[in-house]
Amino acid sequence: MSPAISVEEHNLQQCTSMEYTTCSEKLLYLLFEDISYCVRKSILTKGIRKLLYDLNGDFRPGELTAIMGLSGAGKSTLMDILAGFTTTSVTGKIMVNGQERNMSEFRKLSAYIMQDDHLQPLLTVQEAMLVAADLKLTLNRRQKLEKIDEILTAMSLDASRYTRTSELSGGQRKRLAIALELINNPPIMFFDEPTSGLDSVTSKQCIALLKQLAKEGRTIICTIHQPNATLLNMIDHLYVVADGNCVYTGSTQNLVPYLSSVGLYCPKHYNPADFLMEICNGDYGAHVPKLVESIQNGKSNEWRLDETFYLNREIITSQQLPPMRLYSFETEFKHIPHYAAGSWRQLSVLVRRNAIRLLRDKFLMVSRISMHLTVALLVGTIYFKIGQDAAYVLDNFNLLFFSMMFLMYTAFSATMVSFPSEVPILMREHFNRWYKLRWYYLANKLADFPVQLTATFIYVLIVYFMSDQLPDSGRFGLFILMCFAISLVAQAAGLILGTGLKVQNSVIFGPFVILPFMIFSGFFVRIRDAHPYLQWLFHTSFLKYGFEGLMIAIYGNNRAKLKCSADYCHFAIPEKLLSEVDMKYADYWFNMTVLIVLYIVLNIVAYITLKIRVKKRT
């Protein structure tokens, strides 16, 4: 190994010389013409603000292309459009290998590594790679492990393969994010601010890695804010955006001559990138329109180097390429499935990953179980042995309502707060075609199902027997079944809020959403005591059906007269209590059916909400 080549570069070359030579057979040449993008100024106004103005350009395989610009210039917006992350309110034409881009086909062969890594923090590097391989490859397990070993070695992550991703350094996390998408070897890769948050040494390593990936025949496109001179010299093609227009497209070596050609002379020993950003900022006058006109808003290729491509580290010109190779995108890759893994495979892999995540999330897991255990012991102590005594019927009535509210609110708030942290990971993985959204949603529900059942069972078991409810296995079964149904419905409601709102907003609005259901549960106000115009609201509260179900489980089904420890017990006959609280004619299985239907409906709403959010990608 030559001393001029770093260990990382040597590792990557070794890797790509084996499995990754197929990348050279998938050259993707990206061309865009007259790209414009508009957004509404605000929800309440009809005003339109234009962010991009008829941008043009072409990004080639074998080149490391960097889109540069000041904050708010439009570089990330352009990146999102080219990657297909933003598709609405976009005009213009995007071509792939001479043909207009088909988004479905294009996404099969591209990967988007976002600025924030969004990795599963509780998985090890090896486990994260294995999940990606299971979802993105159709190879057998031995072949998958071999490929994982090659990529981790190439990315200098081999020593960290059993380290959890939350414990990795910033540079290691960046490399892991790239490694996860390299599993299926996409020929075109987008990187949003790959050097963000990295020090100068790690930034250089990151850009060197991207450059090496480009040399293997990939089309590598990244956004970069303001590179130093070292990073600038590593970039093959620089595309500069200012105020939604292109002010330069060409090689970094030609940047200074280009500026000189329009009368802007970069001082010696001055970083040309810094000088250009100062020009774009207006520090030397209003020169942006002149630069846009000179470069024809990206149409001019005068300042680019000769059209060359890297194929397995051999430089060839565009004339040496097979003439039809660049125009076979639709026919050559149409047979590739959108998702490598089948539906059941996706579901099983995601369930397994979620199970690992839940078991390792000690704080969430232990806090949920310990909270139910602690509160159950406290409640059981307060209401100790009152369940079969008619003198404490009203206290038992309060106990049942509290138990319902506790189980409801813990399930509601836990889901509402925890799920939003998963959404950014979902955005990245779903966009890069790891799995279908429906299987992610179902796997999330299935993995959490036993945890919620365990927490509910612990609470009910302790409270039921400490409060001395009737020791009847049938009543106990009905009671715990109703409690579990209530918690699942609350969980679905929390999922809707957690999906549709940010955490800080859902924490504020969550209690207000639950409050009406609690008011019309039948505990505070009886249906017959409410105004006739408001009585219909009781039938919209899922807590009403849950509360009735609990009361029927304890006092319904022709329960015998209760013993009385006082001189007089008004509700010694259970049917009399049910009549007093308007539950005499309540039917347990009708209420259970309503809760099951509500659970299904709320989950459909939650899934649709999640799908809309993923589609909007906000």
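Residues numbered from 1 in each chain as written. Predicted model: local features only at pLDDT ≥ 70, side-chain atom pairs only at ≥ 80, totals over all residues. Heavy atoms only, no water.

Enquirer: Describe the overall build of the protein chain, listing the residues and the values that go with them.
Expert: Looking only at helices and strands, one finds 22 helices and 12 strands in the protein chain. Of all intrachain contacts in the protein chain linking residues separated by at least 6 positions in sequence, the fraction that spans at least 24 positions is 77%. Summed over its atoms, the accessible surface of the protein chain is roughly 27,100 Å², and 59% of this surface lies on carbon and sulfur atoms. (Helix = DSSP H or I, 4+ residues; strand = E, 2+ residues; numbered from the N terminus. Contact = heavy atoms within 4.5 Å. Areas by Shrake-Rupley, 256 points an atom, 1.4 Å probe, with all protein chains shown as cover.)

Enquirer: Residues and numbers for the state of the cysteines, please.
Expert: Under the defined criterion, the tally for this structure stands at one disulfide. Here Cys-564 pairs with Cys-569 through a disulfide, and the sulfurs are 1.7 Å apart. Disulfide Cys-564 to Cys-569: torsion about the S-S bond roughly 75 degrees, handedness right-handed. A relative accessible area of 34% places Cys-564 in the partly exposed class. Cys-222 provides the cysteine sulfur closest to Cys-206, a residue in no disulfide bond, and the two sulfurs are 8.1 Å apart. Since its relative accessible area comes to 8%, Cys-206 is described here as buried. Cysteine Cys-280 shares no disulfide, and the gap to the nearest cysteine sulfur, in Cys-246, comes to 9.9 Å. (Disulfide = S-S within 2.5 Å. Buried < 20%, exposed > 50% of the residue type's maximum accessible area, 1.4 Å probe, protein only.)

Enquirer: So what's going on with the pairing of strand S7 (residues 188-191)? Residues and values would help.
Expert: Neither face of S7 is exposed, since Ile-188 and Phe-190 on one face and Met-189 and Phe-191 on the opposite face are all buried. As judged from the four bridges shared by strand S6 (residues 110-113) and S7, these two strands associate in the parallel manner. Bridge assignment links Tyr-112 to a residue of S7, and that residue is Phe-190. Where S7 lies against strand S8 (residues 219-224), four bridges are found, and the strand directions are parallel. Bridging from a neighbouring strand, Met-189 pairs with Ile-220 of S8. Handedness of the crossover joining S7 and S8 through helix H7 (residues 200-215) is recorded here as right-handed. (Pairing = 2+ DSSP bridges. Right-handed = clockwise from strand over helix to strand, strands pointing away.)

Enquirer: Now, about the side chain of Asp-80: what can you tell me, with residues and values included?
Expert: By secondary structure assignment, the location of Asp-80 is in helix H2 (residues 75-83). Taking relative accessible area as the criterion, Asp-80 reaches 17% and is therefore assigned buried. Those residues in contact with Asp-80 that lie beyond four places of it in its chain are Phe-85, Thr-86 and Tyr-112.

Enquirer: How would you summarise the sheet that holds strand S5 (residues 99-100) if you had to cite specific residues and measurements?
Expert: Strands sit in the order S2-S1-S4-S5 across an open sheet of four strands; the sheet is antiparallel. Each having just a single partner strand, strand S2 (48-59) and S5 make up the two edges of the open sheet. Both strand S4 (residues 90-96) and S5 contribute to a ladder of two bridges, which runs antiparallel. What sits directly across from Met-95, in S5, is Glu-100.

Enquirer: Tell me about the packing of aromatic side chains, and name the residues and values.
Expert: Summed over the entire model, instances satisfying the criterion amount to 35 aromatic pairs. When the centroid spacing of 6.3 Å and the interplanar angle of 65 degrees are considered together, the rings of Phe-106 and Phe-190 count as edge-to-face. In this pair, Phe-106 is assigned in helix H3 (residues 103-108) and Phe-190 in strand S7, connecting sequence segments 84 residues apart. One exposure class covers both Phe-106 and Phe-190, and it is buried. Taken together, the aromatic side chains of Phe-85, Phe-106, Tyr-112, Phe-190 and Phe-431 make up a single cluster linked through ring pairs. When the ring centre of Phe-106 is taken as reference, the NZ or CZ atom of Arg-101 above it lies at 5.0 Å. Lying over the aromatic face of Tyr-545, Lys-544 brings its terminal NZ or CZ to 4.4 Å of the ring centre. (Phe/Tyr/Trp six-rings, centres within 6.5 Å; stacked < 30°, edge-to-face > 60°. Lys NZ or Arg CZ within 6 Å of the ring centre and 35° of its normal.)

Enquirer: I'd like a rundown of unusual backbone geometry, residues and numbers included.
Expert: One non-glycine residue, Asn-97, lies in the positive phi region at around 50 degrees. Judged by its relative accessible area of 2%, Asn-97 falls in the buried class. At Ser-156, a residue that is not glycine, the phi angle is positive and equals roughly 55 degrees. Residue classification places Ser-156 among the partly exposed positions, given a relative accessible area of 29%.

Enquirer: Explain the UniProt feature "transmembrane region" (unreviewed entry) in the protein chain to me, using residue names and the numbers behind them.
Expert: The sites that carry the UniProt feature "transmembrane region" (unreviewed entry) are, in the present numbering, residues 363-384, 396-419, 439-466, 478-501, 507-525, 537-556 and 588-610. Annotated as 96% helix and 0% strand, the span residues 478-501 places its first and last C-alpha atoms 35 Å apart. Secondary structure within residues 588-610 divides into 100% helix and 0% strand; the distance between the first and last C-alpha atoms comes to 33 Å. (UniProt positions renumbered as here; feature names shortened; annotations may be inferred.)

Enquirer: Give me the environment of Gln-388: which residues, what numbers.
Expert: In this fold, Gln-388 is placed in the loop between helix H14 (362-382) and helix H15 (393-418). Setting aside chain neighbours within four positions, we find Gln-388 in contact with Asp-468, Gln-469, Leu-470, Pro-471, Arg-559, Leu-562 and Lys-563.

Enquirer: Can you break down the pattern of salt bridges residue by residue, with the values?
Expert: All chains considered together, the criterion is met by 22 salt bridges. Between Glu-63 and Arg-304 there is a salt bridge, and its shortest N-O distance comes to 2.6 Å. One end of the pair, Glu-63, is in the loop between S2 and strand S3 (64-68); the other, Arg-304, is in the loop between helix H11 (288-294) and strand S11 (308-311), and 241 residues separate them in sequence. Residue Glu-63 shares its accessibility class with Arg-304, and that shared class is buried. (Salt bridge = Lys/Arg side-chain N within 4 Å of Asp/Glu carboxyl O.)

Enquirer: Talk me through the sheet that holds strand S10 (residues 245-250); I want residue IDs and the actual numbers.
Expert: Taken in spatial order, the six strands of this open sheet run S6-S7-S8-S3-S9-S10, and their pairing is mixed. Strands at the two margins of the open sheet, each flanked by one partner only, are S6 and S10. Each strand of the sheet is rotated relative to its neighbour by a mean of 15 degrees, with strand direction disregarded. Contacts between H7 and the sheet are confined to S3, S7 and S8, with S8 contributing the most and set at about 155 degrees to the helix. (Axes fitted to C-alpha atoms, helices over the stretch in contact; angles between N-to-C directions.)

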